[in-house]
Amino acid sequence: MRWSLRPETAGYLFVLPAVLGLLAFGIIPLIYAFVVSLHNYDLVNPRAPYVGLANYTALATDRVFWTALRNTSAYALMLVPLQTAVGLSLALMVQPSTRWIALLRASYFMPVVVSYVVAAGLWEILFAAPNGPMNSLLALAHVPPQLFFQDRHQALPLIALMSSWKWSGITMLIYLSGLHEIPAELYEAAGVDGAGGLRQFGNITWPLLHRITLFVLVVNTIEAFKIFTPVYVITRGGPLNATMVLVFHLFREGFRYVHLGDASALSFVLLVVILTLATLQFRVLRGESQG
Amino acid sequence: MNLTSSGTNIRPRSGLLAHVAAGGKLALAIIFVFPLAWMFLSSLRPVAEIFQYIFPFSLWTVVPLHATLDSYRHLLRDEPFGRYLANSLIVASCVAAFDVAVSSMAAYALARIRFAGREALFFLVLTVMIIPFEALLVPLYLIVRWLGWVDSYAALIVPMVPRAFSIFLLRQFFRGLPRELDDAARIDGCRDWGIYWHIMLPLSRPVLLSVTLLTFQEMWGSFTWPLVSTNNANMRVVQVAVASFGQGDGSPRRSPSCCS
Amino acid sequence: MRAQKVGRAGTPIGRRTLLAGAAGSAAALASGALRAVIRTEGVRAAPSTTLQFWYTRYAVPLLNDTLDGFGKAFEQSHPGVKVQVQAFPYGEYFQKINTAYAGNQTPDVFFVDFPLIANYVYRKMIVALDPLVAKTDLDDYYPAPRGDMTYQDKIWALPLHQSGEELLYNVDALDEAKIRPPHSLDQQWTREQFLDVAEKVVRRAAGRVTRWAYATTYYPPGLYVIQPWLAMSGGEILSPDGTRATGYLNSPATVQAFTFWGDLYTKRQLAPIQPTPDTFGTGQAVFTQGNPFVLRDIVQRFHNLRVGVTYLPRDRRCATNMGAYHIGISAQTKQRDLAWEFVSSVTGREAHVQWVKTTGYLPARKSTYAELPYLKQYPWSVFWDGLARCGVPRPRTPAFDFVDDAVTDASKDIQLGHPAKPALDEAAGKIDQEIARYK
């Protein structure tokens, strides 16, 4: 029997499985976390006292929170442009697919495959101070020993560098999928018109990648604000809170000190910050081209 | 790795420029691979040698002096590592497969079908993507426990589907596909399912592959959730097993709060 | 717009509601069925009682095997009982226990790291053992372990062993420098003597250190590692009742002692801020700080290294850190008696001997010490004297993890060459705020 649905109904059916999953394992826990954030909850007392927004107002006077917010923003400002640019460049570089290029592509993608914890531990050792392998290599060039992750000015940029080493492969992959969708005829036509590589990029590739770039920027921003693993593994927020970031602060509060109320409040602040940023990115970038 | 095979050959280059470009690409590849190569080569060393030749720099900083497969032998001997690998493989494959199916359907609707609440739904997807997993860990555990799933594959697989990231990525791609295709299909009598199945999916093969691959790798690397949601060693995944190798008493890798 | 037109043609009114309803009930059914299926599968065909025991996984397989073996032995002596022994990574063990606790699923019996006893007690995660432990058995424990297991006048967990850190040294490096470290407490080095030795054995080339005098085994060095260096000069971390850090952690004595320790790093360049693993084992540092278990581990892994043990230096007094893994019973267990039987078998005299022999740790029981004559000889004698005469317990507070982090963070600043006083003032202030939350 053939029967057709109202498009609305079809839409709901298409999203139903996803919505069920998102609700059950995303939104319901989220609501629970919100309720927790309104209580003085410490995993002991099932009837934790309701404290209203006290956990939120406490954040305002929490110096570590402000440091974490500043550091996380600085980190995002370093990471997002870096990873996006590197990812796009890599994608453009490995465009024409030959056997050698496939090998290059695999090399650029390789750090993505390694577990984050392992990768972070690896960088910790490579950049150990003052006698780790990297310092040892630099000594060949008579560079004095660097403190790297122990230095309050180098630590955060180094983590950004590490993350972009780890994740640029994903950005590359996403851009590659985008490049693949650009019809070859467009380039052929441009080629006939005698447009050079740079102009082709400016006139065809970049505009057509707009939607993907929007995606990449939004995702990279979200991921940047959620930075946790390398901080957890390598610096634990130090030295001098130079790498104290929001999710690490949240983790420490929630799981080490068992201040679940504070941690939940923190996660909602984080949520609002990122949602605002993402919405802004959508607005700005959509304004440029018809999204 | 050959995910895209695009014909967009952008620029024909002059000889010198091509060489410089090739050199640059190679240098980059070395930067990307070197740390991992170092790690791999270290794994071929006897335990006592791993950190022996780090300073000052010499050939032996990189190359093992006495190569051995001891580390791997230990790994396989001391642990039911095959079981852990199988668990990781099962979990990562299932999540990847379910996720790409569920996410692509949702993404299609979000990109192509107009229905009330679509924007709200997209907002929901973003929200789930943003909230740090650490904030959800306890409630998620309580839900899974209520379902009676602790220590089961269901606990490792079901809550991970769908990934908001996949929905978002696929939605962006589907939106980029020309609308004319839908219209043509509709004229040919296709309904939404037909368009999704016969047009969207075949046209998005590269990105579907990317999504599957990325989900697989994400799940393969996941650690916190498997640790919390399973107790039984039979359910252990590779990352949890590996995490305990470098830790514990007598291990120099981590500083325990107590070391007694 | 076009899509809508196509769709509307064949859709009878009400289909949408119908479908939504159907989908909803299908989902409910599915989840119910799923629950049923998984549940029945999940029930471990349990003709018998199951006892859960969790511990933190050791890097040395033999120890894990020994603990697993305790489970097996218990099964044999208790037919019908199945012991599920599970090991988890140290770094995430606390998180694991916490989450399990939230879900009312903590194991019946689990490893309790000594400094966390106060926290577990505060949060009612473990039960008091007083009604269960026999007086005669208690008398078998040395006073220090008795102190460790007791909190607020009750006994909460029983130790597997005793342990403390002393100074491990590279014998060849010291022979070369013609230095003979003392092996008896009355000849123990002072801080200043240690500093002299350190200056003699450190090697520098072209402005860089190529061999360090001292490197900690654990990185970053936490409260456990630092505390003896503070205590030897009269430094403290918390007030004796564990409620205040201000006036103790930032007292002049603590500041002075912390400065001495911190100066070993940036200022004197005797110790690496971030040692690569095995700095001592590979001969890149002459001294390290380690317990008997670490000593045994190093000896087993580095065959070419000759290792000696001397006391940590003294200043106004001698000091060594102490503490051990304990085993406690969950407040959530439904089989307290069986759990207690398991605890008493794992911490019992027989098991204690086996565990001490396997690990190299020192015994917490007097009977075990009497049974193992090798403990009276060097190098165990050094650890034993140190513990018995210089042991300093870690502060007892439910906020221990917070205190540990605050001290570790402050120590990082001081190691980097920043003045100790402001760093410790800040840490003390933070700690006081945190402890106030537990009232």
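Please read all numbers here as calculations on a predicted model, not as lab measurements.

### Looking at the state of the cysteines
Residues and elements named next belong to chain C.
- Throughout the structure, instances matching the rule amount to one disulfide over all chains.
- The disulfide partner of C318 is C390, and the gap between their sulfur atoms is 2.1 Å. Across the S-S bond of C318 and C390 the torsion is about -95 degrees, and the bridge reads as left-handed. Residue C318 is located in the loop between β11 (307–310) and β12 (320–321), and its partner C390 is located in helix α16 (residues 380–390); the two are separated by 72 residues in the primary sequence.
- Under the relative-accessibility criterion, C390 is labelled buried at 2%.

### Topic: the nonpolar core
- Residues I174(A), F168(B), F53(C), Y58(C), F111(C) and Y120(C) are the most contacted members of the largest nonpolar core, which totals 231 residues.
- Ranked by the residues each element gives to this core, the list is headed by helix α7 (residues 155–181) of chain A, at 14 residues.
- Beyond its immediate chain neighbours, meaning those up to four positions away, F53(C) contacts L67(C), V83(C), Q84(C), V85(C), Q86(C), P107(C), V109(C), F110(C), F111(C), I327(C) and F342(C).
- Judged by nonpolar contacts, the second largest core, of 90 residues, contains L295(C), V353(C), A423(C) and L424(C).

### Digging into the UniProt feature "transmembrane region" (unreviewed entry) in chain B
Residues and elements named next belong to chain B.
- Within the UniProt annotation, "transmembrane region" (unreviewed entry) is assigned to residues 16–38, 50–69, 89–110, 122–147, 153–174 and 195–216.
- With 100% helix and 0% strand, residues 89–110 has its two end C-alpha atoms placed 31 Å apart.
- Summarising residues 122–147: 88% helix, 0% strand, and an end-to-end C-alpha distance of 27 Å.

### Side note on the interface of chain B and chain A
- Taken together, the contact pairs 90 residues of chain B with 100 residues of chain A.
- In total, about 8600 Å² of surface goes out of reach between chain B and chain A, with carbon and sulfur atoms giving 76% of it.
- For the pair chain B and chain A, the interface holds zero salt bridges.
- Of all the secondary-structure elements, those providing two or more residues to the side of chain B that touches chain A are α1 (15–43), α4 (81–112), α5 (118–130), α6 (133–146), α8 (164–176), α10 (192–203) and α11 (205–221) of chain B.
- The greatest single-element share of the side of chain B that touches chain A, amounting to 11 residues, is contributed by α1(B).
- For the side of chain B that touches chain A, the residue count by class is 64 nonpolar, 16 polar and 10 charged.

### Quick look at the domain arrangement of chain B
- Along its sequence, chain B is organised into domain 1 (18–69) and domain 2 (79–245).
- Here domain 1 of chain B and domain 2 of chain B have C-alpha centroids that lie 35 Å from each other.

### Digging into the packing of aromatic side chains
- Within this structure, the stated rule accounts for 55 aromatic pairs over all chains.
- The interplanar angle of 65 degrees and the centroid separation of 5.4 Å between the aromatic rings of F122(B) and F168(B) together place this pair among those described as edge-to-face. Here F168(B) lies in helix α8 and F122(B) lies in helix α5, a separation of 46 residues in the sequence.
- Judged by relative accessible area, which is 0%, F168(B) ranks as buried.
- Ring-pair connections join several aromatic residues into one group, and the members of that group are Y169(C), W189(C), F194(C), Y214(C), W229(C), F260(C) and F287(C).
- The residue whose ring lies beneath R236(A) is Y232(A), and the NZ or CZ to ring-centre distance is 5.7 Å.

### Notes on the domain arrangement of chain C
Residues and elements named next belong to chain C.
- With domains assigned, chain C is organised as domain 1 (49–162 + 323–392) and domain 2 (166–321 + 399–436).
- The C-alpha-based centres of domain 1 and domain 2 are spaced at 28 Å.
- The interface of domain 1 with domain 2 comprises 25 residues on the first partner and 25 residues on the second.
- Summed over both sides, the interface of domain 1 with domain 2 buries roughly 2100 Å², with 67% coming from carbon and sulfur.
- Connecting domain 1 to domain 2 are zero salt bridges.
- Applying the counting rule to domain 1 against domain 2 returns eight residue pairs in polar contact (both at pLDDT 80 or more).
- Those elements that place two or more of their residues in the side of domain 1 that touches domain 2 are α14 (349–359), α16 and β14 (391–392).

What counts and what doesn't
- Residues numbered from 1 in each chain as written.
- Chains lettered and ligands numbered in written order.
- Predicted model: local features only at pLDDT ≥ 70, side-chain atom pairs only at ≥ 80, totals over all residues.
- Heavy atoms only, no water.
- Disulfide = S-S within 2.5 Å.
- Helix = DSSP H or I, 4+ residues; strand = E, 2+ residues; numbered from the N terminus.
- Buried < 20%, exposed > 50% of the residue type's maximum accessible area, 1.4 Å probe, protein only.
- Core = buried A, V, L, I, M, F, W, Y, C linked by side-chain atoms within 4.5 Å.
- Contact = heavy atoms within 4.5 Å.
- UniProt positions renumbered as here; feature names shortened; annotations may be inferred.
- Buried area = accessible area lost by both parts, 1.4 Å probe.
- Salt bridge = Lys/Arg side-chain N within 4 Å of Asp/Glu carboxyl O.
- Nonpolar A, V, L, I, M, F, W, Y, C, P; charged D, E, K, R; others polar.
- Domains from an automatic or database assignment.
- Phe/Tyr/Trp six-rings, centres within 6.5 Å; stacked < 30°, edge-to-face > 60°.
- Lys NZ or Arg CZ within 6 Å of the ring centre and 35° of its normal.
- Polar contact = N/O pair within 3.5 Å; in protein donor to acceptor, adjacent residues only side chain to side chain.

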